[in-house]
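Single-letter residue listing:
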Amino acid sequence: MPPVRTPDGGLGPAGAPAAGDARAALTALREEIAKAVVGQDAAVTGLVVALLCGGHVLLEGVPGVAKTLLIRTLSTALSLDTKRIQFTPDLMPGDVTGSLVYDARTAEFSFQPGPVFTNLLLADEINRTPPKTQASLLEAMEEHQVTVDGEPRALPVPFLVAATQNPVEYEGTYPLPEAQLDRFLLKLVLPLPTREQEFQVLARHAAGFDPRDLAAAGVRPVAGPADVATARAEIAKVTVAPEVLAYIVDICRATRQSPSLSIGVSPRGATALLNTSRAWAWLAGRDYVTPDDVKALALPTLRHRVQLRAEAEMEGVSADSVVQAVLAQTPAPR
């Protein structure tokens, strides 16, 4: 199996894909997405990990680094239904979840599903809408359902929210509250491309590449919901030694004692790190988790779950640097 970059820098019963076939199909996503997106292998891996864990992803980067194109290409390569919401200051919660609409012909109210009823929801520029509308996603993300007029309505399976946001320093942004940030399994930072990668982007466009026509770029489905279901069942069998569990606990507890942080990682964050480490171990072809798996997923899993003290921010300290310092100082089991 070809190597897979981490997010930090045969048929079985009932026609389900075998574990090895599902792993190969999900690994092939990188090459398929590379037909449209240049140089974002780490983000692709992070999205796959989140999908396998049943979690959600926050994508951060300046405008124009292919965040939206990445999600659209992923949905095509996975043969999943996808919808996009452009978050704006005047967006209402009902525009996301759906609402009851009066039908004059029947004199009754009927539910009109919102765009959240899909497999892969692209919440574009989520921090450009006020907190009330941001919060409309909380139930969907946590419970995989939407309640309207007291009636819960289940969302499709699989369901993943991929929210993009501009850096909070940009004008017209509303920082996501801590409670909602904690609902995202991973926060992936998409960097600006290198000179060589940017040259490849321009060369593709000069040759006629159209980001709105992925079929013309040769992007095709290489995996599907059945592969995701098989992978989830196999990941549940991945074992974690008590020493590795203790290592995860020590990392998370160390963040709560860091002098640079006002809020450390919660127990939910520790559980998230356990889940992402298991998914990464399975993608790497193992049925057990190593300390290196934990280290590989710690930064994208924890960076958005900590809050810097004001004085630390003024000194130029970042959440990434604090998490990396904690990893360097926490002894790993042998």
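Definitions and cut-offs
- Starting from 1, residues in each chain are numbered consecutively following that chain's sequence as written.
- Reporting in this predicted model follows two pLDDT cut-offs: at least 70 for local features of residues, and 80 or more for side-chain atom pairs to be given and counted; totals over whole chains, interfaces and linings ignore these cut-offs and use all residues.
- Side-chain metrics rest on all non-hydrogen atoms present in the structure, leaving aside hydrogens and water.
- Stacked, edge-to-face and tilted are the three classes for Phe, Tyr and Trp ring pairs, Trp counted by its six-membered ring, which pair at centre distances within 6.5 Å; planes under 30 degrees apart are stacked, over 60 edge-to-face, the rest tilted.
- Remark: exposure states derive from per-residue accessible area (1.4 Å probe, protein chains only) relative to the maximum for the residue type, with buried under 20%, exposed over 50%, and partly exposed in between.
- Each ring is checked for a lysine NZ or an arginine CZ that lies within 6 Å of its centre and within 35 degrees of its normal; such an atom marks a charge sitting over the ring.
- We count a stretch as a helix when DSSP gives it H or I for four or more residues in a row; a strand needs E for two or more, and each element gets its number in order from the N terminus.
- Following DSSP output, two strands are said to pair if at least two bridges run between them.

Student: If you had to explain the packing of aromatic side chains to someone new, which residues and values would you point to?
Tutor: All chains considered together, the criterion is met by 2 aromatic pairs. On the numbers, 5.8 Å between centres and 70° between planes, the contact of F111 with F117 is edge-to-face. Residue classification places F111 among the buried positions, given a relative accessible area of 18%. Among the residues examined, F117 registers a relative accessible area of 16% and is labelled buried. Directly above the ring of W282 sits R23, whose terminal nitrogen or CZ lies 4.5 Å from the centroid.

Student: Just give me the short version of the environment of A328, but keep the residues and values in it.
Tutor: Checked against the element boundaries, A328 lands in helix α15 (residues 319-329). Classification of A328 by relative accessible area gives exposed; the value is 68%.

Student: Explain the pairing of strand β8 (residues 160-165) residue by residue, including any values.
Tutor: Burial analysis of β8 places 6 of its 6 residues in the buried class, the great majority of the element. The two faces of β8 match: L160, A162 and T164 on one face and V161, A163 and Q165 on the other face are all buried. In this sheet, β8 lies alongside strand β1 (residues 57-60) in parallel orientation, the contact comprising 4 bridges. Paired with L59 across the strands is T164, a residue of β8.

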